[in-house]
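Summary of the model geometry
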Amino acid sequence: MMRFFISFIILSTSLISSISFAKEDCRIAPLQMQDEPRLVQDFFIGNCHYRNQDYARAATQWNKVLNTTPTNGPFNEMQINSMNNLGFLLFNGLDIKPDQQKALSLWHKASKAGQAESTYHLCHAYARPDTPQFSIIKAKIYCNKAEQQYAQLDEHQQEKDEINQILEELKK
């Protein structure tokens, strides 16, 4: 009976491990993207790698998107979102060499294009006293801008609450 119980625990543990550590297949065919333009493929493959926490591969894919000739419409949105996503990886040094200045540059470009999450990241970046870019003035500017951008969206209550908290702390 004890042997059965131990075997059950080992089997259960290995099944749980395989389920919780299973990674999504990020190749074009499983993502059903064979007929999509290369820019679209690169963007969504990057998102897939990000979900798998394979940040270096996500960065590679989003860099490809950014190095594609700019377009209008939904492709441009993917380039703007790639700026935001790559900026997040660079700022935090997730599986890639940290480069906060490049991250800020990408977020500034995306924020100017109306990307609310980039403005939100700028709000946080400038409000952090433990970083070289700390600036109360810039933090207030980007937090207020992010607050306005998020006010137009139905979701993102957590972000709205965090922005308000930062603005309150900056008043002190």
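Attention here is on the structure that accompanies the text. (Residues numbered from 1 in each chain as written. Predicted model: local features only at pLDDT ≥ 70, side-chain atom pairs only at ≥ 80, totals over all residues. Heavy atoms only, no water.)

1. Looking at the overall build of the protein chain
Each helix and strand in the protein chain was counted, giving eight helices and zero strands. Across the protein chain, helices and strands are ordered from the amino to the carboxyl terminus as α-α-α-α-α-α-α-α. Sorting the 172 residues of the protein chain into buried and exposed places 37% on the buried side. For the protein chain, the proportion of contacts with a sequence separation of at least 24, taken over those separated by at least 6, is 44%. (Helix = DSSP H or I, 4+ residues; strand = E, 2+ residues; numbered from the N terminus. Buried < 20%, exposed > 50% of the residue type's maximum accessible area, 1.4 Å probe, protein only. Contact = heavy atoms within 4.5 Å.)

2. Quick word on the side chain of Gln41
In this structure, Gln41 sits in helix α2 (residues 38-51). Apart from the residues within four sequence positions on either side, Gln41 is in contact with Ile28, Met33, Gln34 and Glu36.

3. Quick word on the side chain of Thr119
Among the structural elements, Thr119 can be located in helix α6 (residues 116-127). Here Ser111 takes part through its side chain, which lies 2.6 Å from a polar atom of the side chain of Thr119. Other than its neighbours up to four places away in sequence, Thr119 contacts Ser111, Tyr142, Lys145, Ala146 and Gln149. (Polar contact = N/O pair within 3.5 Å; in protein donor to acceptor, adjacent residues only side chain to side chain.)

4. Some details on the nonpolar core
In this structure, Leu89, Leu104 and Ile163 are the most contacted members of the largest nonpolar core, which totals 38 residues. Those elements that provide at least two residues to this core are α2, α3 (55-66), α4 (74-92), α5 (100-112), α6, α7 (136-151) and α8 (157-171). (Core = buried A, V, L, I, M, F, W, Y, C linked by side-chain atoms within 4.5 Å.)

5. Structural notes on the packing of aromatic side chains
A full pass over the atoms with the stated rule returns six aromatic pairs. Ring centres 5.2 Å apart and planes at 55° place the aromatic pair Tyr50 and Tyr55 in the tilted group. Given the relative accessible area of 31%, Tyr50 is considered partly exposed. When the ring of Tyr50 is compared with that of Trp62, the centres are 6.0 Å apart and the planes differ by 40°; the resulting orientation is tilted. Pair noted here: Tyr50 is in helix α2 and Trp62 is in helix α3, with a separation of twelve residues, a long-range link. Accessibility expressed as a relative area gives 2% for Trp62, which makes it buried. (Phe/Tyr/Trp six-rings, centres within 6.5 Å; stacked < 30°, edge-to-face > 60°.)

6. Some words on the state of the cysteines
Considering all chains together, one arrives at two disulfides under this definition. Paired through a disulfide, Cys26 and Cys48 show a sulfur-sulfur distance of 2.0 Å. With the S-S bond torsion at -80°, the cross-link from Cys26 to Cys48 turns out left-handed. Within this pair, whereas Cys26 is found in the loop between α1 (2-20) and α2, its partner Cys48 is found in helix α2, the two being separated by 22 residues in sequence. Judged on exposure class, the residue Cys26 and its partner Cys48 are both buried. There is a disulfide in this structure between Cys123 and Cys143, and the S-S distance comes to 2.0 Å. Around the S-S axis, the bridge from Cys123 to Cys143 shows a dihedral of about 80° and counts as right-handed. Here Cys143 lies in helix α7 and Cys123 lies in helix α6, a separation of 20 residues in the sequence. If one numbers only the bonded cysteines of the protein chain, in the order they occur, the disulfide pattern is 1-2, 3-4. (Disulfide = S-S within 2.5 Å.)

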